[in-house]
Amino acid sequence: MSNGVRYEKSGHVAVVTLDRPEVLNAMDLRMHQELARVWDDFEADDDMWVAVLTGAGTRAFSVGQDLKELAERVRAGSAGTATFGSRGKPGWPRLTERFDLTKPVVAKVRGYAMGGGFELALACDIVIASADATFALPEARLGLMAGAGGVFRLTRQLPWRSAMGHLLTGRPMTARRAFELGLVNEVVPADELDACVDGWVADILRCAPLSVRAIKEAATKSVTMPLETAFSTRFVWEERRMHSSDAVEGPLAFVEKREPRWRGR
């Protein structure tokens with residue numbers, strides 16, 4: 001695809017690559033528009049069971065908003081104001097606001113994941129990082145706001161003071177520190193990153209796709225619910241899973257000592 005995004009499908013896996021390595025995969029407005037089309041297609045394609053989100057090159061996952069483009073819009077008087085979310089802007093809803101996306105997304109992070117790039121990783125379900133990865137939300141240093149969910153997600157995914165320490169100073173964290181804090185699932189040498197991500201994806205694909213979707217939906221929707229309410233809530237994808245042929249296939253395959261043949265229905 002053009003406009004700074006590569007979108008490739010192989011088997012049940014979609015690979016989405018932020019493809020502007022010459023500017024460390026900074027995201028301009030055209031890129032956001034293309035990404036919206038990509039996520040729409042990924043959600044609609046029943047053959048796609050998992051996505052891998054990554055950045056082109058070896059230097060960055062993404063450094064977030066293209067500040068050169070923003071500066072040009074400021075000089076032209078067309079920038080307007082910006083706060084939380086992307087509603088009304090090109091590419092809405094962006095991944096950071098696709099709250100009903102129940103297919104899993106794995107972030108493969110090498111190099112810089114800064115600002116909006118870090119916010120993309122925070123919106124993914126599994127994050128695998130190379131040892132040279134660096135994470136930061138430096139918006140406060142730029143008079144900006146981590147408005148693509150950084151303020152909201154970091155304080156939910158980290159201990160409060162750890163999150164506030166990084167938000168209020170813009171200080172970066174290493175991949176190892178992100179792992180220690182639970183933001184990253186695994187950290188590996190850069191030359192092992194592809195194989196590590198492939199292993200995680202293979203494990204996801206061994207699971208029933210409807211179970212995976214039902215689990216993600218139930219986990220994300222229930223996180224702010226009282227436990228009793230969560231137990232009594234009817235979730236869309238759990239309703240589909242419980243009545244699916246895959247819900248029968250799994251136990252049968254186990255008893256018959258064979259690999260299950262998932263159909264996703």
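No experiment lies behind these values; they were computed from the predicted model shown.

Caption draft 1: The arrangement of helix α2 (residues 67–76) in detail. Sparse coverage of α2 is indicated by the burial of one of its ten residues. Count one or two residues on from α2 and you reach glycine 77, which has phi positive near 75°.

Caption draft 2: Structural detail: the sheet that holds strand β10 (residues 186–188). Spatial ordering of the open sheet is given by β1-β2-β3-β5-β7-β10, a layout of six strands whose pairing is mixed. Each end of this open sheet is capped by a strand with a single partner; those strands are β1 (5–10) and β10. Ignoring strand direction, the axes of neighbouring strands in this sheet form an average angle of 20°. In this structure, strand β2 (residues 13–18) lies alongside strand β3 (residues 50–55), joined through six bridges in parallel fashion. If you follow valine 13 over to β3, its bridge partner there is valine 50. Against the sheet, helix α1 (residues 29–44) touches β1, β2, β3 and β5 (105–109), its axis set at about 15° to β1.

Caption draft 3: Focus on the packing of helix α4 (residues 150–157) against helix α5 (residues 160–169). Between α4 and α5, the shortest axis-to-axis distance is 7 Å and the interhelical angle comes to 145°. Crossing of α4 over α5 shows right-handed handedness. Contacts between α4 and α5 involve Gly150, Val151, Leu154 and Thr155 from the first element and Trp160, Ala163, Met164, His166 and Leu167 from the second. Considered class by class, the residues forming the contact of α4 with α5 number six nonpolar, three polar and no charged.

Caption draft 4: Broad picture of the sheet that holds strand β6 (residues 112–114). The strand order β4-β6-β8-β9 describes an open sheet built from four strands, whose pairing is mixed. Since the sheet does not close on itself, it has two edges, and those belong to β4 (60–62) and β9 (173–174), each with one partner. Here β4 pairs with β6 via two bridges, running parallel. Within the sheet, the bridge partner assigned to serine 62 lies in β6 and is alanine 113.

Caption draft 5: Fine view of helix α11 (residues 246–255). For α11, the full list of buried residues reads Asp246, Glu249 and Ala253. Along the long axis of α11, the arc covered by the buried residues comes to 50°, so they all point the same way. Among the exposed residues of α11, those oriented more than 90 degrees off its buried face are Val248, Phe254 and Val255. The secondary structure elements touched by the buried residues of α11 are α8 (209–222). Looking one or two places after α11, you find lysine 257, whose phi comes out positive at around 55°.

Caption draft 6: Structural detail: the packing of aromatic side chains. Applying the stated criterion across every chain, the model contains three aromatic pairs. It is arginine 240 that lies over the ring of tryptophan 237; its NZ or CZ is 4.2 Å from the centre.

Caption draft 7: Just the pairing of β3, in detail. Burial analysis of β3 places six of its six residues in the buried class, the great majority of the element. Residue alternation in β3 divides its side chains into two sets, Val50, Val52 and Thr54 and Ala51, Leu53 and Gly55, and both sets are buried. Note that β3 and β5 share four bridges and pair parallel. Each bridged residue has a counterpart across the sheet, and for valine 52 the counterpart in β5 is valine 106.

About the thresholds
- Residues numbered from 1 in each chain as written.
- Predicted model: local features only at pLDDT ≥ 70, side-chain atom pairs only at ≥ 80, totals over all residues.
- Heavy atoms only, no water.
- Buried < 20%, exposed > 50% of the residue type's maximum accessible area, 1.4 Å probe, protein only.
- Helix = DSSP H or I, 4+ residues; strand = E, 2+ residues; numbered from the N terminus.
- Pairing = 2+ DSSP bridges.
- Axes fitted to C-alpha atoms, helices over the stretch in contact; angles between N-to-C directions.
- Contact = heavy atoms within 4.5 Å.
- Left-handed = near helix turned anticlockwise from the far one by under 90°.
- Nonpolar A, V, L, I, M, F, W, Y, C, P; charged D, E, K, R; others polar.
- Arc of directions from axis to C-beta.
- Phe/Tyr/Trp six-rings, centres within 6.5 Å; stacked < 30°, edge-to-face > 60°.
- Lys NZ or Arg CZ within 6 Å of the ring centre and 35° of its normal.

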